[in-house]
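Summary of structural features
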Amino acid sequence: MVKLEIRKNAYYDSVTLMLISKDLKKLDGVKEALVGMGTDLNVEIAHNIGLATPEFDANVTSNDFFVAVECDSEEVFEAAQKKVEELLNKKSEQKESTYYPPTLEGAIKVDPDLNMAVISVPGKFAADVAQSCLDRDINVMLFSDNVTIEEEKALKEYAYAHELLVMGPDCGTAIINNIPLAFANVVPKGGIGMVCASGTGTQEVSSIIAQLGEGVSQVIGTGGRDLKKDIGGLMMKLGLDALINDPNTKVITLVSKPPAAEIASMILDIAKDAGKPVVVEFIGGDPKEIEAKGLIAAKSLEDAAHKAVALLRGEPLKDYVDFTMGNDKAEAMAKEIAGKMAKSQKYVRGFYTGGTLCDEAMKLMIDKLGHIYSNIPLHAEDKLENARTGPSKEHTFLDFGDDEFTVGRPHPMIDPSLRAERVITDGKDPECAVILCDCVIGYGSHEDPAADLSDAIRTAKAEAEKEGRYLCCVVEVCGTEGDPQCLSRTQKKLEDAGAVVLPSNAQATRFVERVLANLK
Amino acid sequence: MSKLNDLFAKELHVVNFGIESFYKDLESQRVPAVHVDWKPVAGGDKVAAGNLRKLKKPELLEKIQEANKEALRRILAAQPTIVGVGIAGEVIPGMTEDTILHAGPPITWDRMCGPQRGAVMGGLIYEGRAKDIAEAEKLAASGKIKFDPCHMHSAVGPMAGVVTYHMPVWILENKAFGNRAYCTFNEGLGKVLRFGACDEEVFERLRWMEKKLYPVLRDAMKLKGEIDVKVLISKLLQMGDEAHNRNEAGTSLLIRELVPSIMALDIPEQDKIDAFNFINGNNHTFLNISMPACKCTMDPIFDIPYCTVLATMCRNGTDFGIRIAGLGPNKWFTGPAEMVKGLYFPGFDECDAAPDLGDSCITETAGIGGFCMAAAPAIVQFVGGQVSDALNYSKTMYEITVGEGQSYKIPALDFRGSATGIDLLKVIETGIRPIINTGIAHKDYGVGQVGAGIVNPPEECFKKALAACAEEWA
């Protein structure tokens, strides 16, 4: 049947009405619908689609609004009329969308004072984008990886000559003027300035500084290759010089993997004349040269933070190798846990989202464990092939942020689900005694990385228990109370799942060592 | 002290390329930040990126930028003015009885889309050269008829854009440069020749327009003298039109200009009333004024060497064609015309549509139409968008133009001048294609308009033009 409603002398915008006609046709039982003003065009359309009844032709004039519907029943027509009313009165409640300019030129028109670019475009385009920013006197944080070393060199030489920063490539963390960029934690303003060639290592040191009640002046990232011979530590040099000249920086902390020897000497020579204390953490490196130059070498990322804070406060320096909870308490806890384990349980599995943290953990434990199999092994012979899909072997540490795990996926700090699955898989292994994980919070990271991980821990522990084993899960949370995810909330969530939660990566490895040492 | 120490003392203003959440994090901390909706240069096309690099070598780039500035100066200096009406064959340069002008870049009969074929056949019947469709089709295919783009004859035509010898046309003159442009009278909506309809109803209307409407407008314009179209376009942009797909205000403004002169004519009252009602009953009357106004605005930029500004964008339902000012009027760069994304009249859908068609995107070329969507937010509903989308469409166009209008201003953007002078280099660099508001023709001739929406030119024509520029100048 064809039904018609006419409203005399009512006006609605024709485009609105076309949209409504389209929506009406989607209703169940509606075969054809036309909602419109009685213009010549609409009358013609009504004829073409079989809606022009004699009633229509006799009554609809160009000043009238009409609803004509071919439908199955009166009820359907009533529903259609109701729908028309609803759509005519619909209010848009969507938020106004922000304008994103498509080019740097466009961005400069929006804000002519731009002075820092965060670049995370695909690697093959990243150098061009970075250079265009440098051309405009804008400092660069280059998060992108897969930038060639030649490109990095060209960018940094230009930047160094123009006294601009190129933090990266593959730089995940920086805090400039107390603004956390990309993956970084909320750290208070303070007297410690950092220049770092590592991402999560930087987060670890700056977070512990915050946990100890101090803060940072600047945290400058350089990217992992800056201290290689090809690049020559250009950004480490630029950053270090700036911190030396910065009146707000009282203590300087340098963090990197062990650099090329001549670069290390060059950097340490600048540092020794800094006129302010410099703590150096070349992760797993030899402290001799550092100490020979009169600088302070750190034993771990955590130790670097403790020493920087001590220097800032004028307190005596000592290597920090303790447990925040107290050494006796930690020892008792480790002993109790080890006592609950089955005979078959012998090995630790370290599953990390932060590459530097994974590297540090292996370096801290390698002397005690002998071999640690990994996708980023300390010794080539300990390379674990097929790490993503294959099984773990004895003591195994995996960096989930390594290329093998990130093909077609976001970084595990953004999407930690693959790591959570692995916790469950390895929990089933009768030889697995301890699962060690990091949980990195802060800006850039997943909005609640503890949720996924605590579920996995709960499941893994329960399944081991069913098999008559006790699975120990140790987690270090890297972050601060001020982070959006909140340090204490994150810790509580993991503790509630039965994990042993420790405030640093170094303490987590020490605790694992204590558990393994207490196994029968 | 290095420059880096100065940075430590400043407020950080961050620009973010890539992962949007890094920007959101900064925004949530109230850090001044701008996110760039980044795309690789030329969509990652290596050849195009290479050509762009060649053209952006400093010495050449300087010449190009100077040339483009001059183009913008000329565009903004234009004074499009209606100076009268005439009969196509008598006023359009190069027009003969065997010539049929059409929209878009050059095309042969066998490649024409449905509505353009319909309009050509209809045109031949209207001219009395064929008595029916069959005869018209034979004649069109015979090689006796010369098909030529409107654009090669100082003319423009909406949709099929067919102009035949006896059709009446508006005559516009760019008073600043003395060049003219021509366009037929708009026939209204529904079954009309420009959408390829070709039945007796169409011919009857066309004949009435020639015999009755034309003399009224001719005599009225003689009385009136001239009508400054630049002023009308400036006004209509403040009244919710963009002069391409929405012409309600423009048509009303035109009526205010014309009616006193029509009233003053010594002709039968009924002829005046009929003429008035016809114009009044067709919201798109003004489209056929805004198009030649833009055409005569753009033509004077053709002889500027090294100019990379688009002088023409047009389409024939098969190809989309552009011309680059610095390469001259005889070089066309084409790519396949795209389908229009839009809203269809009840009873029709995407399957019924012909590809993008008509010379009407000369309006966007000159900086109005889709480029002024922010001035005509009602248009954005055609694509199911919100008013903020209309604002963003217009804002985005500033990224690919040489400059901004001085007379054509957009109230919702704080009366910012509209984005004007599309720069080929910027289109390639940003990957942003011009936005065009347009009607949708049925793919078969004889049916007419089936909807309206928005469309972009194909990338291909820009890449071809870029290659030609690089070859010529680099």
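Now for a quick tour of the structure. (Residues numbered from 1 in each chain as written. Chains lettered and ligands numbered in written order. Predicted model: local features only at pLDDT ≥ 70, side-chain atom pairs only at ≥ 80, totals over all residues. Heavy atoms only, no water.)

1. Points about the overall build of chain B
Each helix and strand counted, chain B has 16 helices and 17 strands in total. For 474 residues, the compact-globule estimate of 2.2 N^0.38 gives 23 Å, and chain B sits close to it at 23 Å. Across its three principal axes, chain B shows a C-alpha extent of roughly 85 × 45 × 45 Å. Among the 474 residues that make up chain B, the fraction classed as buried is 63%. Of all intrachain contacts in chain B linking residues separated by at least 6 positions in sequence, the fraction that spans at least 24 positions is 71%. Carbon and sulfur atoms form 50% of the exposed surface of chain B, whose accessible area is close to 16800 Å². (Helix = DSSP H or I, 4+ residues; strand = E, 2+ residues; numbered from the N terminus. Rg over C-alpha atoms; globule rule 2.2 N^0.38 Å. Buried < 20%, exposed > 50% of the residue type's maximum accessible area, 1.4 Å probe, protein only. Contact = heavy atoms within 4.5 Å. Areas by Shrake-Rupley, 256 points an atom, 1.4 Å probe, with all protein chains shown as cover.)

2. Digging into the pattern of salt bridges
Scanning the entire structure with this criterion turns up 65 salt bridges over all chains. With a closest N to O distance of 4.0 Å, Asp199(B) and Lys191(B) form a salt bridge. Note on Lys191(B): relative accessible area 26%, which makes it partly exposed. Shared partners join several salt bridges into a network, and the residues in it are Glu152(A), Lys156(A), Arg225(A) and Asp226(A). (Salt bridge = Lys/Arg side-chain N within 4 Å of Asp/Glu carboxyl O.)

3. Topic: the sheet that holds strand S6 (residues 168-174) of chain B
Residue and element names in this part refer to chain B. Taking strand neighbours across the sheet as the criterion, the 4 strands line up as S7-S6-S3-S8 in an open arrangement whose pairing is antiparallel. Strand pairing shows two members of the sheet lacking a second neighbour, strand S7 (180-184) and strand S8 (227-228), which therefore form its edges. Relative to S8, strand S3 (residues 80-87) runs antiparallel, the two being bridged by 2 bridges. Across the sheet, Ile 82 pairs through a bridge with Ile 227, a residue of S8. Along the sheet, helix H12 (residues 287-298) makes contact with S3, S6 and S7, crossing S6 at roughly 40°. (Pairing = 2+ DSSP bridges. Axes fitted to C-alpha atoms, helices over the stretch in contact; angles between N-to-C directions.)

4. Structural notes on the interface of chain A and chain B
Contact residues are listed per partner, giving 70 residues for chain A and 57 residues for chain B. Buried surface at the junction of chain A and chain B, both sides included, amounts to about 5500 Å², of which 64% is carbon and sulfur. Three residues, Met18(A), Tyr99(A) and Tyr100(A), lead the burial of chain A against chain B; their summed loss comes to 13% of the area buried on that side. Taken together, chain A and chain B are joined by 1 salt bridge. The shortest N-O distance in the salt bridge between Lys3(B) and Asp137(A) comes to 3.2 Å. In this assembly, chain A and chain B are joined by 21 residue pairs in polar contact (both at pLDDT 80 or more). At 6 residues, helix H1 (residues 14-24) of chain A tops the list of elements feeding residues into the side of chain A that touches chain B. Tallied by class, residues from the side of chain A that touches chain B come to 40 nonpolar, 17 polar and 13 charged. The pairing of strand S4 (residues 116-119) of chain A with strand S1 (residues 14-17) of chain B spans 4 bridges and is classified as parallel. (Buried area = accessible area lost by both parts, 1.4 Å probe. Polar contact = N/O pair within 3.5 Å; in protein donor to acceptor, adjacent residues only side chain to side chain. Nonpolar A, V, L, I, M, F, W, Y, C, P; charged D, E, K, R; others polar.)

5. Focus: helix H7 (residues 133-141) of chain B
All names here are of chain B. Buried within H7 we find Ala 136, Leu 139 and Ala 140. One side of H7 carries all its buried residues, which in axial view fall inside an arc of 100°. Among the exposed residues of H7, those pointing more than 90 degrees away from its buried face are Ala 134, Lys 138 and Ala 141. Along its buried surface, H7 packs onto helix H6 (114-126) and strand S5 (146-149). Phi turns positive, to about 90°, at Gly 143, one or two residues after H7. (Arc of directions from axis to C-beta.)

6. Some thoughts on the environment of Ala305(A)
All names here are of chain A. As for its position among the elements, Ala 305 is in helix H12 (residues 301-313). In the structure, Ala 305 is positioned 286 residues away from Leu 19 in sequence and 62 Å away in space, judged by C-alpha atoms. When neighbours within four sequence positions are excluded, Ala 305 is seen to be in contact with Val 205, Ile 208, Ile 209 and Leu 212.

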